[in-house]
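Structural description and commentary
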Amino acid sequence: LVQQVAGFSKCLHGNGWFHRDYYLCHIFIVEADGKFQLALVDLARMFRPRWRIERWQIKDLAQLDFSTPRNYFSRTLRLRFAKAYLGTSRLSPAHKILLRKIAKRSEEIARREARKQAALS
């Protein structure tokens, strides 16, 4: 499943499409002709930016990372996802920089959500 979501994400981003609301709850597993495939919902959020591509890539992947439960998806599985998404077996320094940016953005999303929850209490 991790490999499939990575490939799915890579295909979207590789073709210039970004979701702007790329949380795990927007990815579904559907059965078609006896096979299981991934489907994406809320397609009205999809767009093709002309510039700042890396910003949208980081945002999408950080949202996906944030929304993936830590107790079900270990650091090892997250690393497998990253390697599959990046299409490599070894991370280069540029890959590591990208992953740090994604982790930082994921932490920002977590802090924002914690503030929202605190305000509701």
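Quick note: structure is the one above.
Figured I'd write up the structure that's included with this text. (Residues numbered from 1 in each chain as written. Predicted model: local features only at pLDDT ≥ 70, side-chain atom pairs only at ≥ 80, totals over all residues. Heavy atoms only, no water.)

1. Quick look at unusual backbone geometry
If a residue is not glycine, its phi is most likely negative; likewise, a peptide bond is most likely trans. Spelled out, the test is: In DSSP terms, a helix is any run of H or I states spanning at least four residues, a strand is any run of E spanning at least two, and both are numbered starting from the N terminus.
Phi angles above zero are rare outside glycine, and Asp-33 is one such case at about 55°. Secondary-structure assignment places Asp-33 in the loop between strand E1 (27-32) and strand E2 (35-40).

2. Structural notes on the layout of surface pockets
Defined as follows: The distinction between a cavity and a pocket rests on a 1 Å grid over the protein atoms alone: a 1.4 Å probe fits inside a cavity but cannot get out, while a pocket stays open yet meets protein on both sides within 12 Å along at least five of seven lines, and a residue with an atom within 4 Å of a point counts as lining. Grid points are joined across faces, edges and corners, and a volume is the space filled by probe spheres set on the points. Any residue outside Ala, Val, Leu, Ile, Met, Phe, Trp, Tyr, Cys, Pro, Asp, Glu, Lys and Arg is labelled polar, Gly included; the first ten of those are nonpolar and the last four are charged.
Considering only enclosed or pocket space, the largest pocket measures out at about 910 Å³ in volume. By residue class, the composition of the lining of the largest pocket is 21 nonpolar, three polar and seven charged.

3. Overview of the nonpolar core
Worth spelling out the cut-off: Each nonpolar core is a collection of buried residues, namely Ala, Val, Leu, Ile, Met, Phe, Trp, Tyr and Cys, held together in the definition by side-chain atoms within 4.5 Å. In this scheme, a residue with accessible area under 20% of its type's maximum is buried, one over 50% is exposed, and one in between is partly exposed, where area comes from a 1.4 Å probe on protein chains only. Whether two residues touch is decided by their heavy atoms; if any such pair falls within 4.5 Å, the residues are in contact.
Judged by nonpolar contacts, the single largest core of 20 residues is most densely connected at Ile-27 and Phe-81. In this structure, Phe-81 is in contact with Val-2, Val-5, Ala-6, Ser-9, Leu-61 and Leu-64, ignoring residues within four places of it in sequence.

4. Let's talk about the packing of aromatic side chains
The description of an aromatic ring pair uses the distance of the two centres, along with the angle that the planes make with each other. Put simply, the rule is: Whether two aromatic rings pair depends on their centres lying within 6.5 Å, for rings of Phe, Tyr and Trp, where Trp uses its six-membered ring; planes under 30 degrees apart make the pair stacked, over 60 edge-to-face, and the rest tilted. We call a charge positioned over a ring when the NZ of a Lys or the CZ of an Arg lies within 6 Å of the ring centre and within 35 degrees of the ring normal.
Here the structure, examined in full by the defined rule, presents three aromatic pairs. Look at Phe-47 and Trp-56: their rings are 4.7 Å apart centre to centre, the planes differ by 80°, and that puts the pair in the edge-to-face class. Accessibility classification places Phe-47 together with Trp-56 in one group, the buried group. Where Phe-81 meets Tyr-85, the ring centres are 6.2 Å apart and the plane angle is 15°; that geometry is what we call stacked. Here Phe-81 and its partner Tyr-85 are both found in helix H3 (residues 75-86), four residues apart, which amounts to about one turn of the helix. When its relative accessible area of 7% is taken as the criterion, Tyr-85 is described as buried. The side chain of Arg-20 reaches across the aromatic face of Phe-47, ending 4.1 Å from its centre. The ring centre of Trp-56 lies 4.2 Å from the NZ or CZ of Arg-55, which sits over that ring.

5. Things to note about the environment of His-19
Cut-off, in case you're wondering: In the analysis that follows, any N or O atom pair within 3.5 Å is treated as a polar contact, provided that within protein one partner can donate a hydrogen and the other can accept it, and provided that, for residues neighboring in sequence, both atoms belong to side chains.
Tracing the sequence through the fold places His-19 in the loop between helix H1 (2-14) and E1. Sequence separation of His-19 and Arg-48 is 29 residues, and the distance between their C-alpha atoms is 9.0 Å. Here His-19 is in contact with His-26, Leu-40, Val-41, Asp-42, Arg-45, Met-46 and Asp-60, once residues within four sequence places are set aside. Polar side-chain contacts of His-19 include one of 3.0 Å to the backbone oxygen of Asp-21.

6. Some words on the pairing of E1
The following threshold applies: Any two strands are treated as partners once DSSP identifies two or more bridges connecting them.
The pairing of E1 with E2 spans six bridges and is classified as antiparallel. Note on E2: the bridge partner recorded for Ala-32 is Lys-35. Remark: two residues form the turn of the hairpin made by E1 and E2, two consecutive strands paired antiparallel; Asp-33 in that turn has positive phi of roughly 55°.

7. Re the pattern of salt bridges
For clarity, the threshold we go by: Basic side-chain nitrogens of Lys or Arg form a salt bridge, by our definition, when they fall within 4 Å of a carboxyl oxygen of Asp or Glu.
Within this structure, the stated rule accounts for six salt bridges. Among the salt bridges present, the one from Glu-54 reaches Lys-101, with a minimum N-O distance of 2.9 Å. Linking Glu-54 in helix H2 (residues 53-67) with Lys-101 in helix H4 (residues 93-120), this pair joins segments that are 47 residues apart in sequence. Taking relative accessible area as the criterion, Lys-101 reaches 36% and is therefore assigned partly exposed. One salt bridge connects Glu-113 with Arg-112, and the closest N-O pair in it is separated by 3.9 Å. Among the charged side chains, a salt-bridge network with shared partners connects Asp-65, Arg-70 and Arg-78.

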